[in-house]
Structure formats: C-alpha cells, structure tokens
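Descriptive structure summary
The chain contents come next:
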Amino acid sequence: MLRSFEFTDTWEVPAPPETVAAVLTDLAEYPRWWPQVRAVASLGPETAWVRCRSALPYTLDLVLDAVSRTPPVVEVAVSGDLEGFARFTLVPVAGGTRLDFRQEVTVRGALALASYAGRAVLVWNHQRMMAGCRAGLAARLRDISGQAAR
C-alpha cells in the first residue's frame, strides 16, 4: 500500500542565498536549529541518516542523499520511511532570499494506511514540521549575521 504527498511552501529570510544554502546543506547542525530534527548521522560525504518527529508521536527514519548543494537549488533524495525528494529553490530578493520549498514523497505500510483516515492530520503534522524549519532557520541566520558583525 502506497500513498503520495506533495508539499509546497514559500517564505523569505534576510540573508543572501549563499548563506542560506550553507545552513541548509550543513545537515549535522539541523538538530541545533530545527526542533523537529532529533538526530543526524553522516553516512558519507553526500549522505546522512536523519530522525524527525513533529507533533504526532511518530518518528521518521530517513536517509538523505544530496542531489544539489549549490544555489539556486538545494535538494536531497529521501529514502527510508518516506521515498521521494525535498527541494529548496533559493531566489535572491530585495533584502535577502525567497525560499520555495517543494517535497514529493510516497509513504508505505502503517503510515500509508493511517493516511487514508488521517491525511489531514498528517498534513497538519508536516505543517508543524515546516513551521519549526521557518522559525529555526530565521534564528540560525540571525545568529550567523550577529557573529559576522563582531
């Protein structure tokens, strides 16, 4: 049993695309600024194991393989509990960067079964995950900006 999900989001941050890309490609630091990312372990120069848990009591085990680490596109292939990709397209705008996020994934097993009855709850859970990304990324970029100003 398989179920597919597509997610998109757009927001702006007051930092140049190169700085945003540097934060987004440094997976080892995700748990410091993205609260829903619980653990990251390097599996090689372009691959990491990531554990995520948002509002629901369910932890995702994922393997992320870098597809692109260079602006304007930061993208990973996702495998494990989800199969697909997650992509940030970084667009320079006045005062910073617009992030266009897109994720297309397929789930299987119990999560796919749960999605038939609770798709709206899973979408809400993903929205909570991305709210953590938005807030955490903004805070991390402020920290970097403050460190650069010293």
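Before reading on, note that the structure itself is shown above.
Since the structure is predicted, the reported quantities are computational estimates derived from the model, not experimental observations.

With that settled, consider the nonpolar core. Ranked by internal contacts, the top residues of the largest apolar core, which has 39 residues, are W11, V20, L24, F88, L99 and L137. Counting residues per element, this core draws most heavily on helix 3 (residues 109-149), at eight residues. Look past the residues within four positions of V20 in its chain and what remains in contact with it is V13, A15, L90, T97, L99, L137 and L141.

In this section: the pattern of salt bridges. Enumeration over the complete set of coordinates arrives at nine salt bridges. A salt bridge links R134 to D9; its shortest N-O distance comes to 3.2 Å. Taken together, the residues span a long stretch of sequence, with R134 in helix 3 and D9 in strand 1 (residues 2-13) at a distance of 125 residues. Close ionic contact of E29 with R32 constitutes a salt bridge, the shortest N to O distance being 3.1 Å. Taking the relative accessible area as the measure of exposure, R32 reaches 71% and is therefore exposed. When salt bridges with common partners are traced through the structure, they connect E6, R102 and E104 into a single cluster.

Reading the values: rules and limits
Note that residues are indexed from 1 along each chain, following the sequence as it is written. Restriction of local features to residues with pLDDT of at least 70 applies here, the model being predicted, together with a cutoff of 80 or more for giving and counting side-chain atom pairs; totals for whole chains, interfaces and linings are based on all residues. With hydrogens and water excluded, all non-hydrogen atoms of the structure serve as input to the side-chain values. Only buried residues count toward a nonpolar core, which is a set of Ala, Val, Leu, Ile, Met, Phe, Trp, Tyr and Cys residues joined through side-chain atoms within 4.5 Å. Exposure classes here rest on a 1.4 Å probe applied to the protein chains alone. A residue is buried below 20% of its type maximum, exposed above 50%, and partly exposed in between. Each helix is a run of DSSP H or I of at least 4 residues and each strand a run of E of at least 2, with the numbering of both proceeding from the N terminus. Working rule for contacts: check all heavy atoms of both residues, and any pair within 4.5 Å makes them a contact. For salt bridges, the criterion is a side-chain nitrogen of Lys or Arg within 4 Å of an Asp or Glu carboxyl oxygen.

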